[in-house]
Amino acid sequence: MNAFDKHKKGFTGWCEDCNEVFDMAWSADMHRDQKGHKIKTTEFWITGRK
């Protein structure tokens, strides 16, 4: 990445117990807290040009 790139951090969460997929960390955390399931997370960078 350099000064001309625009970027943001992406998130994907997958519930190993019920196979539900999340694209926001807060919704995955809420699912984990309410149901007690195990969430596998992946964070990544989304980049592009300005």
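By convention here, each chain's residues receive numbers from 1 onward along its written sequence. Reporting of local features is limited, given that this is a predicted model, to residues whose pLDDT is at least 70; pairs of side-chain atoms are given and counted only at 80 or more, and all residues count toward the totals for whole chains, interfaces and linings. Water and hydrogen atoms were dropped before computing side-chain values, which therefore reflect all heavy atoms in the structure.

Chemist: Could you give an account of the overall build of the protein chain, naming the residues involved and the relevant values?
Modeler: Helix and strand definitions here come from DSSP, where helices need a minimum of 4 consecutive H or I residues and strands a minimum of 2 consecutive E residues; each element is numbered from the N-terminal end. Within the protein chain one finds one helix and three strands. Counting helices and strands in the order they occur from the N terminus, the protein chain gives β-β-α-β. Counting every position in the protein chain, which comprises 50 residues, the buried fraction comes to 20%. Throughout, a contact is declared for two residues whenever any of their heavy atoms are within 4.5 Å. Pairs at least 24 apart in sequence give 59% of the contacts found in the protein chain among residues at least 6 apart. Only protein chains enter the area calculation, which uses a 1.4 Å probe; residues under 20% of their type maximum are buried, those over 50% are exposed, and those in between are partly exposed.

Chemist: Describe the environment of Ser27, listing the residues and the values that go with them.
Modeler: Mapped onto the secondary structure, Ser27 falls in helix H1 (residues 25–35). Linking Ser27 and Gly13, residues 14 residues apart in sequence, is a C-alpha distance of 9.1 Å.

Chemist: I'd like a description of the side chain of Ser27, backed by residues and values.
Modeler: Of the residues examined, Ser27 reaches a relative accessible area of 15% and is grouped as buried. The definition of a polar contact used here is a pair of N or O atoms within 3.5 Å, where within protein one atom must be able to donate a hydrogen and the other to accept one, and adjacent residues in sequence count solely through side-chain atom pairs. Only 2.8 Å separates the side chain of Ser27 from the backbone oxygen of Met24, close enough to count as a polar contact.

Chemist: Report on a nonpolar patch on the surface, specifying residues and quantitative values.
Modeler: Patch membership requires over 30% relative accessible area and the absence of a salt bridge. Like charges are linked within 9 Å, and nonpolar side chains (Val, Leu, Ile, Met, Phe, Trp, Tyr) within 5 Å. Here the open area of atoms and residues is found with the Shrake-Rupley method and a 1.4 Å probe, where only the protein chains shown may cover a residue. Salt bridge, as applied in this entry: a Lys or Arg side-chain nitrogen positioned within 4 Å of an Asp or Glu carboxyl oxygen. A surface patch of nonpolar side chains, amounting to about 340 Å² of accessible area, comprises Met24, Trp26 and Met30. Along the chain, the position of Trp26 falls in helix H1.

Structural measurements only, silent on function.
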